[in-house]
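Examination of the molecular architecture
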Amino acid sequence: MQRIDRELNTSLDVKLAMQITLEWAMRQAGTHAGLVGIVQEKGVKIMASQGYASELDAYQDSALPVAAFGLQDVIESGSPRCTVIGGADGIISLLQNAGCQVVLPIRRETTTIGLLLMESLEHEPVSEDKLAFLQRLTDHAAVAIANAQLYTAVQAANLAKSEFVSFVAHELKNPMTSIKGFTELLAAGAVGTVNEAQANFLQTIRSNIERMNTLVSDLNDLSK
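These remarks concern the structure in this document. Bear in mind that the values here come from a model prediction, so they are computed numbers and not experimental data.

**Description of the packing of aromatic side chains**
Applying the stated criterion across every chain yields a total of one aromatic pair. Geometrically, the ring pair formed by Y59 and F69 is edge-to-face, given 6.3 Å between the ring centres and 80° between the ring planes. Pair noted here: Y59 is in the loop between strand 2 (43-50) and helix 3 (72-77) and F69 is in the loop between strand 2 and helix 3, with a separation of 10 residues, a long-range link. Summarising the burial analysis for this pair, Y59 and F69 share the class buried. Cation over ring: R27 sits above W24, and NZ or CZ is 4.4 Å from the ring centre.

What follows is the structure in structure tokens.
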């Protein structure tokens, strides 16, 4: 588990964390196919998969529907499910001729943020020892995935902040240029003689324009 933790924490990429989780899960459980994805409002967005041929083609651009594969109970209960296909519960498999399906929730605190689904051709349930390991694996994966999601959100917020600062700095330049230009014309007497009081006011305007120009330049430097 320490080795898995090291691999999970080598990157703050959600897809890579899920790929590592799936590889270890399939390796330990001995299943023939599997997928792992993020739980969304419309279903499960598949982030990584192995062992499937064309079974997942229909879900490349859309979420895996939870109702069609009976995944809602796992999401809501937060409990794993191991089912032998063909029983009375009517569970539908993705893998052709699958004999057993294991579904584990990836939970962060009280919320199911992802699902790990694996299928085997054997009609035998996963042993209790393997199921216990898979639960521990998903617990550790949940932390890495949540951290990766937070990092992605921070990056997006930082990008939005930089774009906003850059936009504001650019938009301030235009009125400042006009104010500075007309102030210079007034001070030069282009529209009439300027008395001492008016000259003082114009000097104040010029000083503040220079100050704003410095602030805008600083904003541009920060955004870069």
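**As for the sheet that holds strand 4 (residues 100-108)**
Ordered by their spatial adjacency, five strands build an open sheet running 2-1-5-4-3, and the pairing between neighbours is antiparallel. The outermost strands of the open sheet, each flanked by one partner alone, are strand 2 and strand 3 (81-84). In this sheet, adjacent strand axes meet at a mean angle of 20° when their direction is disregarded. Pairing between strand 3 and strand 4: four bridges, direction antiparallel. The residue of strand 4 that forms the bridge with R81 is V103. Docked against the sheet, helix 2 (residues 14-29) engages strand 1 (33-40), strand 2 and strand 5 (111-120), running at close to 65° with respect to strand 2. Contacts from helix 4 (residues 128-187) reach strand 1, strand 4 and strand 5 within the one sheet, and its direction differs from that of strand 4 by about 45°.

Criteria and cut-off values
Residues numbered from 1 in each chain as written. Predicted model: local features only at pLDDT ≥ 70, side-chain atom pairs only at ≥ 80, totals over all residues. Heavy atoms only, no water. Phe/Tyr/Trp six-rings, centres within 6.5 Å; stacked < 30°, edge-to-face > 60°. Helix = DSSP H or I, 4+ residues; strand = E, 2+ residues; numbered from the N terminus. Buried < 20%, exposed > 50% of the residue type's maximum accessible area, 1.4 Å probe, protein only. Lys NZ or Arg CZ within 6 Å of the ring centre and 35° of its normal. Pairing = 2+ DSSP bridges. Axes fitted to C-alpha atoms, helices over the stretch in contact; angles between N-to-C directions. Contact = heavy atoms within 4.5 Å.

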